[in-house]
Amino acid sequence: MDSIQASDERIVRSHCRICHGGCGVLVHVQNNKVIRIEGDPESPISRGTLCPKGIASIQLAHHPDRLLYPLKRKGTKGEGNWERISWDEAYEILTSKMNEYKQKYGAESIVLGYGTGRDNEAFIYRFANLLGSPNVLTAGHMCYGPRVSTSIITCGNLPVCDYESNPSCIMVWGNNAVISNPDEYKGVYLSDALANGAKLIVVDPRFTKLADRSNLWLQLRPGTDVALALGMLHVIIEEELYDKEFAEHWIYGWKEFVERVKEYPLKRVSEITWVPEEKIKEAARLFAKTKPACIQWGVAIEQSINCVDNNRIIIALAAVTGNLDVPGGMVFYVPPPTMNASQFGAHKLLPPEQRKKRLGGDVFKLADAFAILNPRFVWDAILYEKPYPVKMAFLISSNPVITRANASMVYEALKKVDFLAVSDFFMTPTAELANLVLPAATWLEMDYVAEFWKRHGYVLARQKVIQIGECKSDHEMLNELGNRMGQKEHWWPTIHDALNAILAPSGLKFEEFLKRGFLRGKMEYRKYEKKGFSTPTGKVELYSTRMKEWGYDPLPQFREPPESPVSQPDLLKDYPYILITGMRPTAFFHSEQRQIPWLRELLPEPFVEIHPETAEKEGIKEGDWVVIESPRGKCLQRAKLTLGIDPRVIGAQHAWWFPEKDSPEHGWGDSNINLLTDNDPTTCDPAMGATNLRALLCRIYPSPHPPSPLGEEDRGMGSKG
Ligand SMILES: Nc1nc2c(c(=O)[nH]1)N[C@H]1C(S)=C(S)[C@@H](COP(=O)(O)OP(=O)(O)OC[C@H]3O[C@@H](n4cnc5c(=O)[nH]c(N)nc54)[C@H](O)[C@@H]3O)O[C@H]1N2
Ligand SMILES: Nc1nc2c(c(=O)[nH]1)N[C@H]1C(S)=C(S)[C@@H](COP(=O)(O)OP(=O)(O)OC[C@H]3O[C@@H](n4cnc5c(=O)[nH]c(N)nc54)[C@H](O)[C@@H]3O)O[C@H]1N2
Ligand code: SF4
Ligand SMILES: [Mo]
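Residues numbered from 1 in each chain as written. Chains lettered and ligands numbered in written order. Predicted model: local features only at pLDDT ≥ 70, side-chain atom pairs only at ≥ 80, totals over all residues. Heavy atoms only, no water.

Student: Any chance you could explain the site of ligand 1 here in plain terms?
Tutor: Taken together, the neighbourhood of ligand 1 is formed by 33 residues, with Arg-118, Thr-403, Asp-424, Ser-591 and Glu-592 sitting nearest. Thr-403 is positioned such that a nitrogen or oxygen atom in its backbone is 2.7 Å from a nitrogen atom of ligand 1. The separation between an oxygen atom of ligand 1 and a polar side-chain atom of Ser-591 is 2.4 Å. Contact with the protein chains removes 99% of the 920 Å² of surface that ligand 1 exposes when unbound. Here the residues of the shell around ligand 1 are counted per class, giving 10 nonpolar, 15 polar and eight charged. (Near = heavy atom within 4 Å. Polar contact = N/O pair within 3.5 Å; in protein donor to acceptor, adjacent residues only side chain to side chain. Areas by Shrake-Rupley, 256 points an atom, 1.4 Å probe, with all protein chains shown as cover. Nonpolar A, V, L, I, M, F, W, Y, C, P; charged D, E, K, R; others polar.)

This is the structure we're talking about:
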């Protein structure tokens, strides 16, 4: 739709992407100005709904602080002082720097980076692979990457809840989709399934809105999920509630798996997890007996030393109860007929000798197999030039100073790196450290075949509505840069040619695709009956042949979190509480939108959840600024007292900085919970390198300097680096 309304008001149909994206929108636009955004009732993804961030995209696109032109640093890093340059000059700087470092230190000395789900991953990987750099810095070691890679080695593809076919039971595990709308899912699907009468089990240390709606809420000790799932499987196997036929025909290593499960009797599981035995039994029975059933699982269990095994055990629960690839269960959606993100990423074009150089590739082998690395190795390569120097980083849509573990180390590394280029909407604390800053286009300013990285079976049409300054979409910028870097035969004359290439298998041109709005693959269930599962054995590998090959335990097991009351009892005296970080608020997507008035009004300051008993013990009152401190660092947030959290657990927000603070630091260290988190590789998941962000130890006390956030001298700044 692109219809004329009033004299010059148009309504353009498109798809939002402030979060992982997907909601269908109708954008009202007048003279290059968006005047209103409303939900598209015809969208199969969002069914007419929108969240506040989608609506506030108006204030994002037209924000007075947007970066409008490429900028080159004039003075010292981190002190402001920028000079406007042309795109031509920006491309020249980028190509000459890349050529220089590639020649002197090898392409591996150039790190490309991105944040989460900005729909630009495939372009960034393509560019990096053609450049010859195996080092692409992402959040993929601890977010989505683990789930996709673990699913592929275990059952061939990512199983996704089939809400459309009315699951009778939904187990929501470490996830809050009605707020976070992550990846394949918009919360409306889950809400509608519940409204249709599905039973709900929630596994979460906090009493969320979903927990409030649940039939059963399992309030576990953070970081103990795999033990809890093994306990549930113990009940399911002992009481013979599993799908025998499926287990016999379609599970590889069933016998060994059962032996492993036997090591987790309920008494042991209950001690580990804090969940009463009766509740574990009840949950296991409800889940196994109510069919079809699915598990909506979240990032909380990926950001853990048990990351891969958490993912494996969730798949195991779905598999042994016969819920894989059946209507209303956990299904493998069929992709639409387009090029997929992995093909576009051109991974085959990275020379094998360069692939071997991926930082940390010999340590985290599952991550390496999926072209993912753990950020700590990049910081080490910059700071200590080990195992080789990294001289340049080009970060396209990421704010690692705020969003990566051990923020003080990240800050030091990005300050030190020889050349840093950043593409963003705003001058973030990360961009402030750059030598070159590029102005990025928001979703309202681009044409794109959206979501071809997701596994929900759709691609969505995103349509350019306005042009702001000289902002460019990441895709257009990379297509141009690739052309200028001598990769011409692998890129296209224009971005529209690239979009047509993505669409080519469908036979559609981009203009025709826009008219359709979306494409969807035709769903087929129980595909394994015809062609098996796409794993080495053709079965669901609860005993993983790939993990075995790489030297890991082929069966899932529970590892005690590296910093916990059990693994480090000596620390408890000084750090008596378990800290979880990063529960998503509606208002913000990670470190973004703090400058958007409608959204900041919803959540003006960071808060930390504390049980009233704990608050009383520590002399803390509702709304106090409190110091949260771990063995590595500290930051300030405001106390929010709630009965919905265990008195032994503290729940802090992540990704805070203060764009309104004028200094180029923008208060990056004031309330940044990642000053407390650890990035030591020994604390990460051994196969994936996932960072442990959800089970640390901390202390908490009233701020000595209320109400202002900590000054420079008070900042944690501790690091193992
Ligand atoms: N302690 C703790 N830390 C966490 C988490 C946690 O739970 N706890 N969660 C982690 C997770 S799961 C993730 S995925 C990461 C996210 O980490 P990041 O993706 O690095 O997070 P953002 O803060 O969203 O940073 C994105 C930046 O890119 C800009 N941007 C947005 N869209 C575009 C675009 O299309 N193009 C360009 N060029 N720029 C764009 C934004 O303005 C913003 O500055 O954070 C992680 N950090
Ligand atoms: N508004 C908004 N939406 C977002 C984002 C955002 O920043 N803001 N980020 C996006 C990104 S990149 C991601 S990855 C997704 C994540 O989205 P979700 O997976 O929904 O993640 P969270 O809200 O961080 O955590 C979900 C729940 O896990 C619980 N939890 C914490 N520790 C544990 C634990 O050890 N075990 C269990 N079982 N539960 C635990 C928390 O209490 C929380 O209620 O959201 C995406 N959507
Ligand atoms: S949930 Fe995400 S895609 Fe939907 S309106 Fe909100 S920000 Fe946009
Ligand atoms: Mo994420």
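Student: Even after reading the chapter, I still don't get the pairing of strand β7 (residues 110-114), so can you show me in this structure?
Tutor: Residues in a regular strand project their side chains so that they alternate between the two faces of the sheet. Of all five residues that make up β7, five are buried, and the element is covered over most of its length. Of the two faces of β7, the one lined by Ile-110, Leu-112 and Tyr-114 and the one lined by Val-111 and Gly-113 are each fully buried. Of the strand pairs in this sheet, β7 and strand β16 (residues 392-396) are connected by five bridges, and their pairing is parallel. Bridging across to β16, Tyr-114 finds its partner in Ile-396. Each parallel crossover has a hand, and for β7 linked through helix α4 (residues 121-131) to strand β8 (residues 136-137) it is right-handed. (Buried < 20%, exposed > 50% of the residue type's maximum accessible area, 1.4 Å probe, protein only. Helix = DSSP H or I, 4+ residues; strand = E, 2+ residues; numbered from the N terminus. Pairing = 2+ DSSP bridges. Right-handed = clockwise from strand over helix to strand, strands pointing away.)

Student: What exactly am I supposed to notice about the confidence of the model for the chain here?
Tutor: Caution applies to low-pLDDT regions: their predicted coordinates should not be interpreted in detail. Of all residues in the chain, 97% have pLDDT values of 70 or greater, and the mean over the chain is 95. Within the model, the stretch residues 712-721 combines pLDDT values under 50 with 27 contacts to residues more than four positions away or in other chains. (pLDDT = per-residue confidence, 0-100. Contact = heavy atoms within 4.5 Å.)

Student: What am I meant to see in the sheet that holds strand β26 (residues 634-641) here?
Tutor: Sheets are built from strands paired through backbone hydrogen bonds, the pairs being either parallel or antiparallel. Read once around its circumference, the closed barrel built from six strands follows the order β23-β27-β24-β26-β25-β28, with strand pairing classed as mixed. When strand polarity is set aside, the average angle formed by the axes of neighbouring strands in this sheet is 45°. As paired elements, strand β24 (residues 607-610) and strand β27 (residues 649-652) share two bridges and run antiparallel to each other. Following the sheet pairing, Glu-609 is matched in β27 by Gly-651. (Axes fitted to C-alpha atoms, helices over the stretch in contact; angles between N-to-C directions.)

Student: Can you help me understand the packing of aromatic side chains in this one?
Tutor: For any pair of aromatic rings, the description consists of the separation of the ring centres together with the inter-plane angle of the planes. For the structure shown, the criterion picks out 29 aromatic pairs. Between Phe-588 and Trp-656, the aromatic rings sit 5.4 Å apart at their centres with planes inclined by 90°, giving edge-to-face as the arrangement. Of this pair, Phe-588 sits in the loop between β23 (577-581) and α26 (597-602) while Trp-656 sits in the loop between β27 and β28 (696-702), and the two are 68 residues apart along the sequence. Neither Phe-588 nor Trp-656 differs from the other in exposure class; each is buried. Every member of this aromatic cluster is reached through a ring pair, and the members are Phe-123, Phe-344, Tyr-448, Phe-452, Trp-491 and Trp-492. One Lys or Arg, Arg-73, reaches over the ring of Trp-82 and ends 4.4 Å from the middle of that ring. (Phe/Tyr/Trp six-rings, centres within 6.5 Å; stacked < 30°, edge-to-face > 60°. Lys NZ or Arg CZ within 6 Å of the ring centre and 35° of its normal.)

Student: Sorry if this is basic, but what is going on with the packing of helix α9 (residues 225-238) against helix α11 (residues 254-262) here?
Tutor: Packed helix pairs are specified by the crossing angle of their axes together with the interaxial distance, meaning the distance between the axes. Between α9 and α11, the shortest axis-to-axis distance is 9 Å and the interhelical angle comes to 115°. Here α11 runs roughly perpendicular to α9, going by the angle between their axes. Viewed along their axes, α9 and α11 form a crossing whose handedness is left-handed. On the side of α9, the interface is formed by Leu-230, Leu-233, His-234 and Ile-237, while α11 contributes Trp-254, Phe-257, Val-258, Val-261 and Lys-262. A class-by-class count of the residues in the contact of α9 with α11 yields seven nonpolar, one polar and one charged. (Parallel < 35°, antiparallel > 145°, perpendicular 65-115°, else oblique. Left-handed = near helix turned anticlockwise from the far one by under 90°.)

Student: Help me out: how do you make sense of the site of ligand 3 in this one?
Tutor: Surrounding ligand 3, one finds Cys-16, Ile-18, Cys-19, Gly-21, Gly-22, Cys-23, Leu-50, Cys-51, Lys-53, Gly-54 and Asn-181. For the shell around ligand 3, the per-class residue count stands at six nonpolar, four polar and one charged.

Student: Would you mind showing me how to read the environment of Arg-206 here?
Tutor: Here Arg-206 lies in the loop between β11 (199-203) and α8 (209-213). Residues Arg-206 and Asp-646 lie 440 residues apart in sequence; the distance between their C-alpha atoms is 7.6 Å. Excluding anything up to four places from it in sequence, Arg-206 contacts Ala-211, Trp-217, Ile-580, Met-583, Glu-609, Gly-644 and Ile-645.

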